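Structure assessment
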Amino acid sequence: MLADDDADAALVLKDRLESFGYEVTAVSNGHEAIEEFIRARYAATVMDVNMPEVDGLEALRLIKRIQPSMPVIMITSVEEHVAASRAAGARACLLKPVDAERLKATVELCLLEQP
């Protein structure tokens, strides 16, 4: 699952992830991410920190309460959000603009580390 409120950024990330062979469901805010997570199970989640309605950190906390082992990769343009993302349970946090190869490597590593 991919959650990002910036439609252009979401499209780029979705295209990149699909080019790596992943099936991607995209949502545009933290509330939708939580609803989608409850509705269906995903191998991993890539989520922006800054989103409307429910921000990515709050969505991350709720997702981790439901499924603690879910690998969640946060993306942000604010360096200070990296530590907050890790503290909230993110497996990784990438700074924007997200490098395609780093995204691929991070997703692959997170999936390998799943219990």
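Numbering of residues starts from 1 in every chain and runs along the sequence as written. Reporting in this predicted model follows two pLDDT cut-offs: at least 70 for local features of residues, and 80 or more for side-chain atom pairs to be given and counted; totals over whole chains, interfaces and linings ignore these cut-offs and use all residues. Computation of side-chain values: all heavy atoms of the structure, hydrogens and water removed.

Our next topic: the pattern of salt bridges. Counted as salt bridges are all cases of a side-chain nitrogen of Lys or Arg within 4 Å of a carboxyl oxygen of Asp or Glu. In total, this model carries 5 salt bridges according to the counting rule given. The partner of Glu-58 in a salt bridge is Arg-61, and the shortest N-O contact between them spans 3.5 Å. One end of the pair is Glu-58 and the other is Arg-61, both in helix α3 (residues 56–66) and 3 residues apart, which spans about a single turn. Relative accessibility under 20% of the residue-type maximum defines a buried residue, over 50% an exposed one, and the middle range a partly exposed one, all with a 1.4 Å probe and only protein chains included. Given the relative accessible area of 34%, Arg-61 is considered partly exposed. Helix numbers and strand numbers start at the N terminus; a helix is a DSSP run of H or I with at least 4 residues, a strand a run of E with at least 2.

Bringing the environment of Glu-113 into the picture now. Here Glu-113 is to be found in the segment after α5 (100–112). With relative accessibility at 45%, the residue Glu-113 sits in the partly exposed group. In this structure, the C-alpha to C-alpha distance between Glu-113 and Arg-91, residues 22 residues apart in sequence, is 9.5 Å.

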